Amino acid sequence: MNEMTSDSPSTHTGDHYSVQYDRLDDEPLSVAVADAVATFCNMNVTDLDPLHYAINADALERLFEPRANGLRSEGSVTFEYNDCLVTVTATGEILVERP
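Here the residue numbering is sequential within each chain, running from 1 through the sequence in written order. Per-residue local features are limited, in this predicted model, to residues with pLDDT of at least 70; the limit for side-chain atom pairs, both in listing and counting, is 80 or more; totals at the level of whole chains, interfaces and linings are taken over all residues. With hydrogens and water stripped out, all remaining heavy atoms of the structure feed into the side-chain values.

Participant: Got a minute to help me understand the nonpolar core in this structure?
Facilitator: Side chains that are nonpolar tend, in soluble globular proteins, to be buried together. Among the buried residues, those of types Ala, Val, Leu, Ile, Met, Phe, Trp, Tyr and Cys that are joined through side-chain atoms within 4.5 Å form a nonpolar core. Burial classification: accessible surface area is computed with a 1.4 Å probe over protein chains only, and a residue below 20% of its type maximum counts as buried, one above 50% as exposed, and the rest as partly exposed. Of all hydrophobic cores here, the largest spans 28 residues; its most connected members are Val 33 and Ile 94. Helix numbering and strand numbering both begin at the N terminus, where a helix is a DSSP run of H or I of at least 4 residues and a strand a DSSP run of E of at least 2. For this core, the secondary-structure elements that each account for two or more residues are β2 (16-20), α1 (29-41), α2 (57-64), β3 (76-81), β4 (84-89) and β5 (93-97). Ranked by residue count, the leading element in this core is α1, at nine residues.

Participant: Which parts of the structure should I look at to understand the packing of α1 against α2?
Facilitator: Relative placement of two packed helices is described by the angle separating their axes and the distance separating the axes. To obtain each axis, a line is fitted to C-alpha atoms, and for helices this fit is confined to the stretch in contact; angles are then taken between N-to-C directions over 0 to 180 degrees. Across the interface, α1 lies against α2 with an axial gap of 9 Å and an inter-helix angle of 110°. One way to sum up the angle between α1 and α2 is to call them roughly perpendicular. Contacts between α1 and α2 pair Leu 29, Ser 30 and Val 33 from the former with Ala 57, Leu 60, Glu 61 and Phe 64 from the latter. Asp, Glu, Lys and Arg are counted as charged, while Ala, Val, Leu, Ile, Met, Phe, Trp, Tyr, Cys and Pro are counted as nonpolar; the rest, among them Gly, fall into the polar class. In terms of residue class, the contact of α1 with α2 is made up of five nonpolar, one polar and one charged. Should an angle lie under 35 degrees it is considered roughly parallel, over 145 roughly antiparallel, and from 65 to 115 roughly perpendicular; all remaining angles are considered oblique. In what follows, residue pairs with any heavy atoms lying within 4.5 Å of each other are defined as contacts.

Participant: Looking at this structure, how should I read the side chain of Thr 87?
Facilitator: Topologically, Thr 87 is positioned in strand β4. Its relative accessible area of 13% is what places Thr 87 among the buried residues. Within polar-contact distance, the side chain of Thr 87 engages the side chain of Thr 78 at 3.0 Å. Setting aside residues up to four positions removed in sequence, Thr 87 forms contacts with Ser 76, Val 77, Thr 78, Glu 93, Ile 94 and Leu 95. Two N or O atoms form a polar contact when they lie within 3.5 Å of each other; inside protein one atom must be a possible hydrogen donor and the other a possible acceptor, and for residues adjacent in sequence the pair counts only when both atoms belong to side chains.

This is the structure in structure tokens:
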């Protein structure tokens, strides 16, 4: 199972998993989302359906990428993926929970 790096603060309870994504990191947001869902579901990330079955991964990346005037500070997107509800916020939080 892939996990977020040790320097990514996370919380995991029985009903949700939350991890902080570094928006300035080289790792794509889509990879971080898949890793978070795999961790929450106690699965290997390669056993998940491709993320693009649930959301346009390129659009997700562009929504939260750094801009010329800095990082987006507000907003979020929520979608279903692998029988989970995933919320990505402009502050870099990835929250995974059961719907």
